[in-house]
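# Structural description and commentary
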Amino acid sequence: MMNDKRSFFGSRLMLRVILILAICAVVVPLFTSKASYAAATPRRPFPQHTQYASGTIKPNHRTQAQLDSDVKAFYDVWKSRYVVRAGTSSAGNPYYRISFGSSAPNVTVSEGQGYGMVIMALMAGYDPEAQTIFDGLWEFSRTNPSNIDSRLMGWRIPSDGSGNDSAFDGDADIGYGLILADAQWGSSGRINYASAANTVLAGVLASTIGPSSRLPMLGDWVSPNGSPHSQYTPRPSDFMPSHFRDYRAFTGNATWDTVLSKTQGIVDSIQAQYSPNTGLLPDFVVQANTTPKPSPANFLESENDGNYFYNSGRVPWRLGADAVVFGDAASLRQAQKISRWIEQATGGTATNIRAGYMLNGTALPDSGYFSTFFAAPFGVAAMTVPSSQQWLNRVYDAVRSNHQDYFEDTVTLQCLLLMSGNYWSPSRAGVSPTATPRPATATPRPATATPRPATATPRPATATPVSATATPRPATATPRPATATPSGVAAWNGNMQAYAVGQRVSYNGRIYRCLQAHTSLSTWTPEAVPALWQAE
């Protein structure tokens, strides 16, 4: 009887062991694969200490370790405030969203999702959850597609009731974030980041880039030839030159070269015609097909649509990023103009930066407060002016631990990544410290009889663009001075020389007088561009 009892309990014990082993055989691999996926080793972990372009600077009053720590500390606060768990997919994977902050904590906009994806890809290596959160942000965006082009994200979650179409900037950063993710983690895991990036960028190009203008449209809701919003009414904060270069390198689509050239041409035109002393851009531009100009008040958002306000406050950051990462001469020149003005306008005191300006530099009414949203992008622009080292240091100190709300903090964090040397392009490992910036190829439109902008753009590191209209590329060597130089008049210099109205030069034995202030390029010879020069 005792032996039978032992045999009975022994068999039960054996069955239990077999059952437990069977369960482990099924369950453990699930958890193991999920954990190994979440813990994938980043290829370019934070901190990166990217080698930026020759002639650009970083804050030098803090060590690199301190700069890295500043980013980590700011990121920790940002993550705790704005990264929100948003449910679980049917497959059991977490969704995440970026909260709009204290004013609307239950709202998420596509811009925020894009920002969040870029930040997560750059912070991998510091935050072990970065890839999991990135995936959740991406998959949340897929549960909320635009009701026009489903490859894009609806701009506001929950919808405000007016339809949930797209906004260019959100999808531009979502696509860029996916390119970064492919570079950071590869595309052989649960999510094929490369395939997803190609899908998003195909949607961006098809539905939010003007078919004729090749300028970013406000969203997929814009009719290219509609009124008042069309393919010729862009928002300058959507001009993301470094993104466009990486899109070109990633997709191989030369259309992005044209987008880059066209947007740089609009910046040059507005700076020459409407902000020659400040370089500031308006929130919205109209008539980009003829003579680009600031939009009228209440064009889309507010009475400040034609001023430098809460859209174009991002412009110095976008231009500065291209200048410091790619060493592009056009972006360098454009960012320098803005930076030199704001340093002078504030007397070199960063906290004197106001929350919005007219394009002539006059502070807007009710702008008498300090916002990191406006200050941090000016810090990125300051990186392009070596003589402004102390100014850069002051701006950096004014924002590095100053937390305000969603929009301010999210833009500031991305600017801190740049200023600390921890922003990188997926298409290049860094810029050679001896590299000489190439001349800009986008031609600004002078006030009268303007030649068309060149469409050939500087080449990204890993791809060779094709000129959209077979325009001659600017010479990469410094043009030779004219051989016949009349006495007392300097020879024309086509190598990024600043010329003022009335200034006289000699070229091919003739004297020319400058009609409009500009910075020269090798292809803008006095005899070729009568809108800029008049023969005497």
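As a starting point, this report considers the structure included with it. (Residues numbered from 1 in each chain as written. Predicted model: local features only at pLDDT ≥ 70, side-chain atom pairs only at ≥ 80, totals over all residues. Heavy atoms only, no water.)

When its secondary structure is counted, the protein chain shows 13 helices and 11 strands. The buried share among the 536 residues of the protein chain stands at 56%. Sequence-distant contacts in the protein chain: of pairs separated by 6 or more residues, those separated by 24 or more amount to 64%. Summed over its atoms, the accessible surface of the protein chain is roughly 21,300 Å², and 53% of this surface lies on carbon and sulfur atoms. (Helix = DSSP H or I, 4+ residues; strand = E, 2+ residues; numbered from the N terminus. Buried < 20%, exposed > 50% of the residue type's maximum accessible area, 1.4 Å probe, protein only. Contact = heavy atoms within 4.5 Å. Areas by Shrake-Rupley, 256 points an atom, 1.4 Å probe, with all protein chains shown as cover.)

Using the criterion set out here, one finds 22 aromatic pairs in the structure. Arranged with centres 6.1 Å apart and planes meeting at 50°, the rings of Tyr308 and Phe374 form a pair that is tilted. Residue Tyr308 is found in the loop between β6 (293–294) and α9 (315–326), and its partner Phe374 is found in helix α11 (residues 372–382); the two are separated by 66 residues along the sequence. Each ring, one from Phe373 and one from Phe374, has its centre 5.0 Å from the other, and the planes form 80°; the classification is edge-to-face. Phe373 sits in the buried class, given a relative accessible area of 0%. (Phe/Tyr/Trp six-rings, centres within 6.5 Å; stacked < 30°, edge-to-face > 60°.)

What follows covers the environment of Asp322. Tracing the sequence through the fold places Asp322 in helix α9. With relative accessibility at 0%, the residue Asp322 sits in the buried group. Here the alpha-carbon distance between Asp322 and Met240, two residues 82 residues apart in the chain, equals 8.0 Å. The residues touching Asp322, leaving out its near neighbours within four places in the chain, are Pro241, Ser242, Arg245, Gln264, Gly327, Asp328 and Ser331. A polar side-chain atom of Asp322 sits 2.6 Å from a polar atom in the side chain of Ser331. (Polar contact = N/O pair within 3.5 Å; in protein donor to acceptor, adjacent residues only side chain to side chain.)

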